[in-house]
Amino acid sequence: MNAVPAPPFNAPPELLTGAEGDQGDEELACWHERLGQVGRELAEPLTAALERVTTLTTTGRIDRAGLRALRDEIDRARQTGIWCQQIARLASGRIRQSQERVHLTNTIQSVLAYRAREMHAQGLQLKQSLLPIEIQADASMLFGLLNALVDWLLDCAHGTVELRLAMRQWPARAQLTCAFQHHPPDEPAPSGEALQARINKMHWHLLEQTARTLGLVFDRQIDPSRIQLHLEFPDTIAPMGQRDDTHADSHGFADSVNSKPLAGSHVLVIASRRDLRLQIGEALKSMGLVLDFVGSVREAAEFCREGLPHAIVFESELRAKAFDQLISGIREEVPEFVFIELAREGRTFDISTISATGMARVGCEGLGNALPSALVYELSRVM
């Protein structure tokens, strides 16, 4: 792979000369392309929504399916606007990244597990070969990059998606390769223009800009039937046998203490008390988790209908028939799904494998230390 680090978006092209001017022209053309894509992805759903509103104004009627379609079209346009804001923010150069030690492999697996139902519904199968590798990166931006990758796959992949995470020996760099067919094998290959329109949607532009901002080396290769994307992570932490221990110590790294094995994992917290929600957020803030909070079992059930998190943490006072029904429904789909119950008193941490309910239990008096430990133990056991 002869890729080079993706250049950042710097000065306007009119301020550049010579080779830098050529690079500026390329950047300007890139932004022209993105602007055109934004226009297309905004105009299509808004035009359809406007036609529905016009019909509603004329007839005074809209059926349930039409109302759902109208909502979806408006939501698509809104989402496109959000992606535009994200891309502009990333390209501004004003993002302050927090360089942390992140377990890249676990983060990839976490995102794939979180998005598994969407990929399955799209008919995609995953073939994975992932070496255990750690990197230095902003954990939240890495999570955003991997989710943008999944969104892009949902846009344009067919059949089997091959993911490979390997280590280049010198310099030691993690290399993530993603390969897939860009059209169904029983259909003729699309024209060049149609293919570009399919693979260069806003999800691709968000993925591309996130990779640039993270300083990754990336390269996309397209042939008549397949696409290969290579992402290379310059700030890779070399395995112990290849690392200078003095250099590692100077950065204050301790293998088991500072790594974030659950970075990017999605945890839903069900807690009606504001003070408890604040305690939980404080206890878990350094773990790189994606946290969502709801205040009732009903809200939790609605949340889970959109997609399951990796784990649910809940206060014991919420245990009732409705909650047991939620547990039963989730475990029909994921038998070993992680539930952690928060007892109002005590400092205990009872693991799920010795519990009659099959759920871990943590006492709120020791929540600061016990809850992170419980999540690491329970999620590491099943993921």
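Position numbers for residues start from 1 in each chain and track the written sequence from start to end. Given that this is a predicted model, residues contribute local features only at a pLDDT of at least 70 and side-chain atom pairs are listed and counted only at 80 or more, while totals for whole chains, interfaces and linings are drawn from all residues. Computation of side-chain values covers all heavy atoms of the structure but excludes hydrogens and water.

Trainee: Looking at this model, I keep getting lost on the pairing of strand β14 (residues 360-363). Mind explaining?
Mentor: The side chains of a regular strand alternate between the sheet's two faces. Pairs of strands are assigned from DSSP output, requiring at least two bridges between the strands. Every helix listed is a DSSP run of H or I at least four residues long, and every strand listed is a run of E at least two residues long, numbered separately from the N terminus. With 4 bridges joining them, strand β12 (residues 338-343) and β14 adopt parallel strand pairing. Counterpart to Ala343 in the pairing with β14 is Gly363. Inspection of the sheet shows strand β13 (residues 349-350) paired to β14 by 2 bridges, in the antiparallel sense. Note on β14: the bridge partner recorded for Phe349 is Val362.

Trainee: How should I be thinking about the sheet that holds strand β7 (residues 226-233) in this particular structure?
Mentor: Hydrogen bonds between backbone groups are what pair the strands of a sheet, and the pairing can be parallel or antiparallel. The mixed open sheet is built from 5 strands, whose spatial order is β2-β4-β5-β7-β6. At either margin of the open sheet sits one strand with a lone partner, and together these are β2 (125-130) and β6 (217-222). Geometrically, the sheet is characterised by an average inter-axis angle of 10° between neighbouring strands, direction not taken into account. Taken strand by strand, helix α5 (residues 139-156) contacts β4 (158-168), β5 (173-181), β6 and β7, and its axis lies near 15° from that of β5. Any two residues whose heavy atoms approach within 4.5 Å at even a single point are treated as in contact. To obtain an axis, a line is fitted to C-alpha atoms, over the contacting stretch when the element is a helix, and the angle between two such axes runs from 0 to 180 degrees between their N-to-C directions. Contacting β6 and β7, helix α7 (residues 202-214) crosses the sheet at an angle of about 150° to β6.

Trainee: Honestly, the nonpolar core in this entry has me stumped. Any pointers?
Mentor: Here is a general trend for soluble globular proteins: nonpolar side chains tend to be buried in one another's company. Side-chain atoms within 4.5 Å link the members of a nonpolar core, which is a set of buried Ala, Val, Leu, Ile, Met, Phe, Trp, Tyr and Cys residues. In this scheme, a residue with accessible area under 20% of its type's maximum is buried, one over 50% is exposed, and one in between is partly exposed, where area comes from a 1.4 Å probe on protein chains only. Counting 53 residues, the largest nonpolar core has Leu145, Trp152, Leu153, Leu176, Phe180, Leu231 and Phe233 as its most contacted members. In contact with Leu153, not counting residues within four places along its chain, are Met119, Leu124, Val161, Cys178 and Phe180. Counting 24 residues, the second-largest nonpolar core is a separate cluster that includes Leu276, Ala283, Ala311 and Val362.

Trainee: Looking at this structure, I do not really get the pairing of β12. What am I missing?
Mentor: Burial runs high along β12: 6 of the 6 residues are buried. Side chains Val338, Ile340 and Leu342 of β12 all project onto a buried face; the interleaved residues Phe339, Glu341 and Ala343 project onto the opposite face, where all are buried too. Of the strand pairs in this sheet, strand β11 (residues 311-315) and β12 are connected by 5 bridges, and their pairing is parallel. Pairing of Phe314 across the sheet is with Glu341, part of β12. Seen with its strands pointing away from the viewer, a crossover is right-handed if its path from the first strand over the helix to the second goes clockwise. Handedness of the crossover is the feature at issue here: the chain leaves β11, passes through helix α12 (residues 321-333), returns alongside β12, and the resulting connection is right-handed.

Trainee: Before we go on, may I ask you to explain the pattern of salt bridges in this structure?
Mentor: Where charged atoms from two side chains of opposite charge approach closely, those side chains can pair. Salt bridges, as used here, are contacts in which a Lys or Arg side-chain nitrogen is within 4 Å of a carboxyl oxygen on Asp or Glu. Overall, the coordinates contain 14 salt bridges when judged by the stated rule. With its nearest N and O atoms 2.7 Å apart, the salt bridge here joins Glu317 to Arg344. Residue Glu317 is located in the loop between β11 and α12, and its partner Arg344 is located in the loop between β12 and β13; the two are separated by 27 residues in the primary sequence. Arg319 is paired through a salt bridge with Asp324; the nearest N and O atoms lie 3.0 Å apart.

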